[in-house]
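# Results of the structural survey
Here is how the chains run, residue by residue.
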Amino acid sequence: LYSMFHNAQQAYDAEVDYEESLKRHNRDITRLSKRHIYLLHRCGSQIPALPKGLLEHWKELGSLLESKDQTRYRRCFTGGLEEFLEAQFLQYFLEHNAILPWSNFESIPVTVTPYDYLMGLAD
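So, a few notes on the structure that sits alongside this text. (Residues numbered from 1 in each chain as written. Predicted model: local features only at pLDDT ≥ 70, side-chain atom pairs only at ≥ 80, totals over all residues. Heavy atoms only, no water.)

Let's shift gears to the overall build of the chain. In terms of helices and strands, the chain carries five helices and zero strands. Counting helices and strands in the order they occur from the N terminus, the chain gives α-α-α-α-α. Taken against the 2.2 N^0.38 rule, which gives 14 Å for 123 residues, the C-alpha radius of gyration of the chain at 17 Å runs more than 25% over that of a compact globule. Each principal axis of the C-alpha atoms in the chain carries an extent, and together these give about 65 × 25 × 20 Å. Contacts spanning at least 24 positions in sequence make up 71% of the contacts within the chain whose residues lie at least 6 apart. Between the averaged position of the 13 positive side-chain charges in the chain and that of its 17 negative side-chain charges there is a distance of 5 Å. (Helix = DSSP H or I, 4+ residues; strand = E, 2+ residues; numbered from the N terminus. Rg over C-alpha atoms; globule rule 2.2 N^0.38 Å. Contact = heavy atoms within 4.5 Å. Lys, Arg positive; Asp, Glu negative; His and termini not counted. Charge placed at Lys NZ, Arg CZ, Asp CG, Glu CD.)

Here we take up the nonpolar core. Ranked by internal contacts, the top residues of the largest apolar core, which has 21 residues, are Trp 58, Leu 61, Leu 65 and Val 110. The set of elements that each furnish at least two residues to this core consists of helix H1 (2–42), helix H2 (54–65) and helix H4 (78–96). Filtering out sequence-adjacent residues up to four positions away, Trp 58 remains in contact with Ile 29, Gly 80, Leu 81, Phe 84, Ile 108, Pro 109 and Val 110. (Core = buried A, V, L, I, M, F, W, Y, C linked by side-chain atoms within 4.5 Å. Buried < 20%, exposed > 50% of the residue type's maximum accessible area, 1.4 Å probe, protein only.)

This is the structure we're talking about:
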């Protein structure tokens, strides 16, 4: 009986650690995306590039989610995704005076749903 509970505890701890690593990347993505948005608001005519490390966090998050069900862990990274989309929309709008097409988000390793797209646009 003890070994059964011990195994359940280990499985639970592994799950919590996994979610925490996703949330850590989400916080970093959110922070860097917000920083980029603030820079874009103050940029004038010279539009800055994406902050260093932002795409690397997406790659790491994608590698963590590679063999997992994204819908199960979506709440762990939705906030960062929304801020990232907002930053991308704003940058594209400043450069092209148009709305960024959905197809431009195929480069990030998570699925961008219509809800995510609209929430990033509405932000």
